[in-house]
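# Secondary and tertiary structure notes
Here are the chains, one letter per residue:
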Amino acid sequence: MWARGESRLAVMEKDVTQEYLSLREQTQSRDRSLRDKVMTLEEACDLVADGEHVSLGGSTASRTPFAMVWALIRARKKNLSFSRSIVSTEGDLIFASGIGNHILTSWFSQGIVWGVSRVMRHFTENKLARFEEWSHMSIGLRFRAGAMGVPFMPMRSMMGSDVAGQLDNLEEMTCPFTGEKILLVPALNPDVALIHVQRCDPYGNAQLDGLTFMDIDMAMAANRVILTTERIISNDQIRRRPDQTRIPFFTVDAVVEAPYGCAPHECFGVYEPLFSHMDYYAELTRKEPMEGVKTYLDEYYYAPKSWTEYLNLIGLEKLLDAARRGRSIYDD
Amino acid sequence: MTIETKDFTASELLCVMSARALEDGQVVFAGVGIPLLAATLAQRLHAPGVTILFEGGTIGPHVVPGQLPPTTNEQRCTRKANMLVSITEVLLLLQRGYVDVGFMGGAQIDQYGNLNSSFIGSADDPSVRLPGTGGGNDISSLTRMIVAMPQEKRRFVENVDFITSPGYIRGGTSRRDSGLIAGGMYRVVTDLAILGFDDDTGRMRVEALHPGVTPEQAQENTGFELIIDSSIPTTEPPTAEELAALRHLDPDKVYTA
C-alpha cells in the first residue's frame, strides 16, 4: 500500500534506522562535556534543519512540546517528518502550517471526547499528507531499540492485523530458540527529539514528574535533544536528588526555559489541560476544518511576537485555572 | 435500537453491564471512555480489588469522581496509583502476561471480533480516516478482551474494512496461525446483549440478553448472523445502587451522555 519508493505522496521518507557505526560516529562527534546550553526558543529552533525527522515527547494532551512546535511553525520549516506515541492537535498544526506532511504515530486526533480530527481527515483523505500508523507498543520498542543501539526489537503484537499489513519495514521471523513466530520492528533514531520537562539544569540534566511516556528512550535514541523546561534549576539542586534525573546532560544539546511550554496541553503537577481552549479549537475546526485551523494559526502562531504574548492571548484566567488544577495533584 | 427506559440511558446500561463483566482481583488494562468509567465503577461496587492499568503508564489508579480524564495519558489517570511507568513498560506487562482482561471500546466490529478504528472504506482511499489503533492492537493481540460498544447494524459488520485490533482474524485457527498464540476476544458487551465467541469457529454468539430484548432484536441490529442458542439467559437490570454510583463518577456525563 505504502511501499517505499512508490508512495503517491511526495512525502519525506527519511531513513530513521541508521547503521550502527554511523549512529555511533554521530554520537561520538557531539560535544558531550558538561557545558551551559541555555538559549532562546528561536536559537533552539535553528538547530532543527529542513528535512529532518523530529520526535515529540509526551503523549496526546500531556507534556506536548508546544513551545518548540510553535517556534518551528513560525520559522516556516520545511519537509520535516515527525513521530510521537499519540498525536493530538499539534499534528493538525504541523500539517496545516506546511512544516511537515508525514507523521508516524499510533493515534491521531485531539482526544476521544472531541471526536475525529477534521483537519487530520482533510489532509489524509485528500492524500495531502501521510499518517503512518503503528501500534503504540511498536513505537515504544522502536525508540527503545534506538536507545539500546540495536537495529530492531522482537515483539508479539501486530501480527495478523492490517496495521502490520500496510507497513513495509517490518519482518516476521521464527525464533531460533523456541520456534515461535515473532515480529521484528526497526530502531527509530530521530535526528532530533523535542521534550518538555518540569525542570532541568543549564547542562540539560532533566527531572521529570509523573508519566514519562516514551521520553527517556526517545532522548537516548535521538541524535540531538532540545529540552524546553518549566524552570531552570541549578546543578547543585540536581546533585541533591540525582535519583530524580531521568535524562542525562550529555544527550541534550539545548535548554530553553519556556513556562507553560505545553499550553494548551498539560504538564504533570504544574497545570492540567486548558479544556476550554481545546473546546474552542475543536469548535473552530468542526465545520470548516481548513478555514478554522488557518484562523487558529494566524491568531495564535503567527500574530504573537513571543511565547509570552501567545500565553497572553490564551489568557491569564485560563492559565491560572489550569495551574490550580495541575497543582491539585500535590495539594489535595 | 437502544433499550432506554425512564430509569437509565443506553450508555448507562452499557457501562453497568461492562462493569459487571469484571471480577474482583483482576488486572484490567482499560482504554479511554466507557472502559475507563466501567472499570472505575467496578472498583466502587463488586470489585474493589480490580487493578486498573492505563496505557499512559499508570498501575492501579483510582480516578476521582467528577474528574474523568479525556484520555488515558493525563495526570487525572494517576490518582491514588501504585506506580507510574513508561508507555512501553505498561504495554510490555500485557506481553509478559500480567493482565487478565483488556477492556476497550470499539467503532466497528465483525463476526470474528476483529475491531476497526483506522479506516471506513479501503485503506487506499478511505471515506473516513479514523484516529487509529493507539494501544488497541497491542491489547487485543496480547490478552483476553472485553469490548464495550453500542449494538448497531453499521457497527456490527460481517467483515471489518480494516483489522486494526485482531479478534479471531478469519476464524478457526487463523489467529493462532498468524503468530498471536495468547489472548483473544472473550466478551462484547452491548446495550442489547452480552456476546461471546464460539471456541471452534471464532464466530460471535449471544451469551445473554438484557431485559426486554428479544433474540430477533439482537439479530436485527447485527450485520451478520449471530449464533443464537434456543435458551438464552436474561441479565438483571441495572440496580439503583449501580446507577447512583455511576452518576456520582460521571456527573457531567462525559462518557454516559
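No experiment lies behind these values; they were computed from the predicted model shown. (Residues numbered from 1 in each chain as written. Chains lettered and ligands numbered in written order. Predicted model: local features only at pLDDT ≥ 70, side-chain atom pairs only at ≥ 80, totals over all residues. Heavy atoms only, no water.)

Further remarks concern the sheet that holds strand E11 (residues 156-157) of chain B. Residue and element names in this part refer to chain B. In space, the 3 strands of this open sheet follow the order E7-E6-E11, with mixed pairing throughout. If you trace the sheet from one side to the other, it starts and ends with strand E7 (115-116) and E11, each paired once. Relative to E7, strand E6 (residues 108-110) runs antiparallel, the two sharing 2 bridges. Bridged to isoleucine 109 within E7 is leucine 115. (Pairing = 2+ DSSP bridges. Helix = DSSP H or I, 4+ residues; strand = E, 2+ residues; numbered from the N terminus.)

The next thing to look at is helix H3 (residues 66-74) of chain A. One turn of an α-helix holds 3.6 residues; hence residues three or four places apart share an orientation. All names here are of chain A. Burial within H3 is extensive, with 8 of its 9 residues counted as buried. Among the residues making up H3, those that are buried are Phe66, Ala67, Met68, Val69, Trp70, Ala71, Leu72 and Ile73. Looking one or two residues beyond H3, the residue adopting positive phi is arginine 76, at roughly 50°. (Buried < 20%, exposed > 50% of the residue type's maximum accessible area, 1.4 Å probe, protein only.)

Once that is clear, we can look at the interface of chain B and chain A. Listed as interface residues are 53 residues of chain B and, on the opposing side, 63 residues of chain A. Regarding the contact of chain B and chain A, the summed buried area is about 4,500 Å², with carbon and sulfur atoms giving 56% of it. Viewed at the interface, chain A and chain B are joined by 5 salt bridges. Put simply, the parts of the chain that give the side of chain B that touches chain A at least two residues each are helix H3 (87-96), strand E9 (126-129) and helix H4 (136-142) of chain B. Ranked by the residues each element gives to the side of chain B that touches chain A, the list is headed by H3(B), at 6 residues. (Contact = heavy atoms within 4.5 Å. Buried area = accessible area lost by both parts, 1.4 Å probe. Salt bridge = Lys/Arg side-chain N within 4 Å of Asp/Glu carboxyl O.)

Within this structure, the stated rule accounts for 28 salt bridges over all chains. Note that Arg121(A) is salt-bridged to Glu125(A), the shortest N-O span being 2.6 Å. Of this pair, Arg121(A) and Glu125(A) both sit in helix H5 (residues 118-125), 4 residues apart, roughly one helical turn. What makes Glu125(A) buried here is its relative accessible area of 17%. The salt bridge partner of Arg76(B) is Glu272(A), with a shortest N-O separation of 3.0 Å. A residue pair is termed interchain when its members come from two chains, as with Arg76(B) in the loop between strand E3 (58-59) and strand E4 (83-84) and Glu272(A) in the loop between strand E12 (254-257) and helix H10 (275-286). Grouping residues by exposure puts Arg76(B) and Glu272(A) together as buried.

Residues and elements named next belong to chain A. Two elements in contact, H5 and helix H11 (residues 289-302), have axes separated by 9 Å at closest approach and are oriented at 115°. Crossing of H5 over H11 shows left-handed handedness. Residues Arg118, Val119, His122 and Phe123 of H5 form the contact with H11, whose participating residues are Pro289, Met290 and Val293. Of the residues assigned to the contact of H5 with H11, the class counts are 5 nonpolar, 1 polar and 1 charged. (Axes fitted to C-alpha atoms, helices over the stretch in contact; angles between N-to-C directions. Left-handed = near helix turned anticlockwise from the far one by under 90°. Nonpolar A, V, L, I, M, F, W, Y, C, P; charged D, E, K, R; others polar.)

Moving on to the environment of Met137(A). Tracing the backbone through its elements, the reader meets Met137(A) in helix H6 (residues 136-148). Residues Met137(A) and Gly91(A) lie 46 residues apart in sequence; the distance between their C-alpha atoms is 20 Å. Among residues more than four places away in sequence, those in contact with Met137(A) are Met155(A), Ser157(A), Leu91(B), Leu92(B), Gln95(B), Asp138(B) and Leu142(B).

This paragraph deals with the confidence of the model for chain A. Looking at chain A as a whole, its pLDDT mean stands at 95, while 96% of the residues score no less than 70. Low pLDDT, under 50, characterises residues 1-12 of chain A; the predicted model gives this stretch 27 contacts beyond four residues in sequence or across chains. (pLDDT = per-residue confidence, 0-100.)

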